[in-house]
Amino acid sequence: MSTGPLRTVNSRVGLLMASWNQADSLSKSLGSLLSQTHDLFTITLVVDSQDQATAEVLKYQKDPRIKIVETQQPQHFIAALNLAMQHSKPATFYAVVYANYFYAPTFLTAMLMTVLRNPTSGGSFCGNHQGASNAHHPFHSEPNYRYTELLSRNFLGPGVLFRLDTFKQAGGLFLSEKQGIWETWKRMAKLKPFVQNPDILLRRIAPSHYEFPSEPYTLVPEKDILPSLKLRCLILDRSSIDPEFLRLLRGAGHEILNSLPAEGVLDLIVLGSLLQLDQACRLAKQHFLPVLFITDQDSDLAQIYYQHPPLIRGFSFATSSKQIIQRLIQIDQQEAVTYFTGMRPLDFNRQLSKIPLLLSRFRTTLLVRCYTNPLYLQNTLDWLMRLSHPEDWGDLLIICPEAPPDTIKWLKNQPYTWYAPQSQTYFPELLHLLKQMRSSLVLGIDAGVLVPPEWFLKTLPYLSDPHVGMVSTLLHNSEIPAQHLPFKVQSMPQVEQSWKHYTEKVPHIRQESLPLLSDGLFLMRKHVLERVLIAGPKVLPLGYPASIAHLLAQLKYPRLMTRDSMAFNLLM
């Protein structure tokens, strides 16, 4: 079956396949590729040290589009791919296809259309099922991934189609047997972005007999991220921004926008005047974006600190003034993004990467606190593994403040990171652990709480308001009071509206009188929780009643509760 306009010499695809002892799935994989709706392609199959079973399968393959190359000794995966590329018929596009995957009939058509509709892209990639055809695996749905985003999401695997010219610019060679094909995709993505096709167009039908790297590529920021950090910055008023900062921003290759883009996503909101403060807050809330305030004026800090204190914690600040740096440390212990004339792009990017939520906007540490037996802990961990999340999770940290003997014995035989404090200094010790974890958010949960799969995605939007320090939820079947409000609450908008009317009638009530929470299940920005732990007690247990809520109130962080997705507490 032809694909009409796609059937041109410019849409020829070279499919590269390496097979080693893969007779169990090779026939189905080749059959799915030969049934593609786009039929202008060739398959170069490297049979890596042919075995009798594979020879029996290939005996029945007579399609002229398949070219078979045999080796006497195993070449391993990357070397076999290079051999396939060497023997492949010239094509405009290529794809690495796998002998243990079944490809949907529309795979080539869909992937080609994705690339052709994005002429500046280096290739396209799609998700895949890791098992039976009825298995479901959620995938992040952002339409376009730039290089830095690709680095934090190891999505590029069996479903990749790429341009030959981009492959040649990256060296024209599959690179590393040790790191696998990921190293090749990474180098290509530095040159041109890969675009995601949201469809799941392939399915794994058998395990691979090649030994692929067990661990994904480990990022080295100095080498992999900072030199290639490219941000899309929305600048609300250029005339208010220090020209030296703008020059450095352009010199490091960052994109400067004056309005919201029609396509793609923003990375950062930049402002240099208090006149744009309301607009920046609104956009940050709508798009869950970090905000960078450029200032050398001490009066700007003073006005924000005294009139909008939560913004000090919600914003990052950039300055070339030593006085501003010292003042920020004094009033909020915040490290400023510093810049100066003649700064190298690498050093400038290193400064920008300090902005909270910038490089890993949704990366989340799962903090599980266990005061009870391992059965409740196991149930909670099982439910956590089902949570939907827009990208890879961060670390899983299990902390046992009271070190139950049965739980500690169970944990010693589990592949989890866990910690049982040897003293009662729980807050300082937890603070030390959190500072070592590369994440932007913390999901805190007590063992025994079961969370529905949609909980994180339904709770996250409420945290997009930079004023909010913590979002909690209603726990069914819990001894913890559902709410501590003088009025009934069904949703967060009702909280805000009811609270507004209530404070108008009772003006002496302060905002921090809005508890609305338990500590049994919450979502917070990591840097906010770190501030809570710094201000917290030194010897009291982590789970004493309303501890985090109480400390947030002292730090003047509002807290919110959502009933959109309720959790269940087994502990009664």
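Before reading further, recall that the structure is shown in the block above.
Just so it is clear, the model here is predicted, and its values are computed rather than measured. All residue numbers refer to position in the chain's written sequence, counted from 1. Restriction of local features to residues with pLDDT of at least 70 applies here, the model being predicted, together with a cutoff of 80 or more for giving and counting side-chain atom pairs; totals for whole chains, interfaces and linings are based on all residues. As a rule here, side-chain values come from all non-hydrogen atoms in the structure, and water together with hydrogens is ignored.

Participant: I keep staring at the overall build of the protein and nothing clicks. Help me out?
Facilitator: Regarding its fold elements, the protein presents 21 helices and 23 strands. Categorising residues by exposure relies on relative accessible area from a 1.4 Å probe, with only protein chains included: less than 20% of the type maximum marks a residue as buried, more than 50% marks it as exposed, and the intermediate range marks it as partly exposed. Here the protein holds 572 residues, and 55% of them are scored as buried. Contacts were defined at the residue level, with two residues in contact if any of their heavy atoms lie within 4.5 Å. In the protein, of all internal contacts separated by at least 6 residues, the share reaching a separation of at least 24 is 76%. The accessible surface values rely on the Shrake-Rupley method and a 1.4 Å probe; as for residues, cover is taken only from the protein chains in view. Carbon and sulfur atoms form 53% of the exposed surface of the protein, whose accessible area is close to 25,500 Å². Secondary structure is summarised from DSSP: a helix means a run of H or I of at least four residues, a strand means a run of E of at least two, and numbering begins at the N terminus for each.

Participant: How do you make sense of unusual backbone geometry when you look at a structure like this?
Facilitator: With the exception of glycine, the majority of residues adopt a negative phi angle, and the majority of peptide bonds are in the trans configuration. Notably, Asn21 is not glycine yet its phi reads approximately 55°, a positive angle. Mapped onto the elements of the fold, Asn21 is located in the loop between β1 (13-19) and α1 (23-34). Overall, the relative accessible area of 32% leaves Asn21 in the partly exposed class.

Participant: Explain the packing of aromatic side chains here, please?
Facilitator: The relation between two aromatic rings is expressed through the spacing of the ring centres and the mutual angle of the planes. A pair of aromatic rings is counted whenever rings of Phe, Tyr or Trp (Trp by its six-membered ring) have centres within 6.5 Å, and the orientation is called stacked for planes under 30 degrees apart, edge-to-face for over 60 and tilted otherwise. Considering all chains together, one arrives at 15 aromatic pairs under this definition. Seen from their ring centres, Phe162 and Phe167 are 5.4 Å apart, and the 35° between their planes marks the pair as tilted. Under the relative-accessibility criterion, Phe162 is labelled buried at 0%. Note on Phe245 and Tyr339: the rings are 5.3 Å apart at their centroids and 65° apart in plane angle, and the pair reads as edge-to-face. Taken together, the residues span a long stretch of sequence, with Phe245 in helix α9 (residues 243-251) and Tyr339 in the loop between β15 (337-338) and α14 (345-352) at a distance of 94 residues. Judged on exposure class, the residue Phe245 and its partner Tyr339 are both buried.

Participant: Just to check I follow, could you spell out the pattern of salt bridges for this structure?
Facilitator: Any two side chains of opposite charge can pair, so long as their charged atoms come close to each other. Salt bridge criterion: a side-chain nitrogen from Lys or Arg within 4 Å of a carboxyl oxygen from Asp or Glu. Applying the stated criterion across every chain, the model contains 10 salt bridges. Among the ionic pairs, Arg65 bridges to Asp63, the shortest N-O distance being 3.0 Å. Classification of Arg65 by relative accessible area gives partly exposed; the value is 22%. A residue is classified by how much of its surface remains accessible, and Asp63, at 22% relative accessible area, is partly exposed. Ionic pairing is found between Glu530 and Lys526, a salt bridge with its closest N-O pair at 2.8 Å. Of this pair, Glu530 and Lys526 both sit in helix α20 (residues 526-535), separated by 4 residues, roughly a single helical turn. Assessed through its relative accessible area of 9%, Lys526 is described here as buried. Counted as one network, the salt bridges with shared partners bring together Arg344, Asp347 and Arg350.

Participant: What am I meant to see in the packing of helix α17 (residues 426-435) against α20 here?
Facilitator: Angle between the axes and distance between the axes: these two values describe a pair of packed helices. Helix axes use the C-alpha atoms of the stretch in contact, all axes being lines fitted to C-alpha atoms, and the angles between their N-to-C directions lie in the range 0 to 180 degrees. Direction vectors running N to C along α17 and α20 enclose 155°, while the axes themselves pass 9 Å from each other. For the element pair α17 / α20, the angle class is roughly antiparallel. The hand of the α17/α20 crossing is left-handed. Taking contact as the criterion, the partners of Phe427, Leu430, Leu431, Leu434 and Lys435 in α17 are, on α20, Lys526, Leu529, Glu530, Val532, Leu533 and Ile534. Split into classes, the residues belonging to the contact of α17 with α20 amount to 8 nonpolar, no polar and 3 charged. Any angle from 65 to 115 degrees is called roughly perpendicular, while one under 35 is roughly parallel, one over 145 is roughly antiparallel, and all others are oblique. Here is the rule for handedness: rotate from the far helix to the near one, and if that takes an anticlockwise turn smaller than a right angle the crossing is left-handed, while a clockwise turn gives right-handed. Polarity classes work like this: nonpolar for Ala, Val, Leu, Ile, Met, Phe, Trp, Tyr, Cys and Pro, charged for Asp, Glu, Lys and Arg, and polar for all others, with Gly in that last group.

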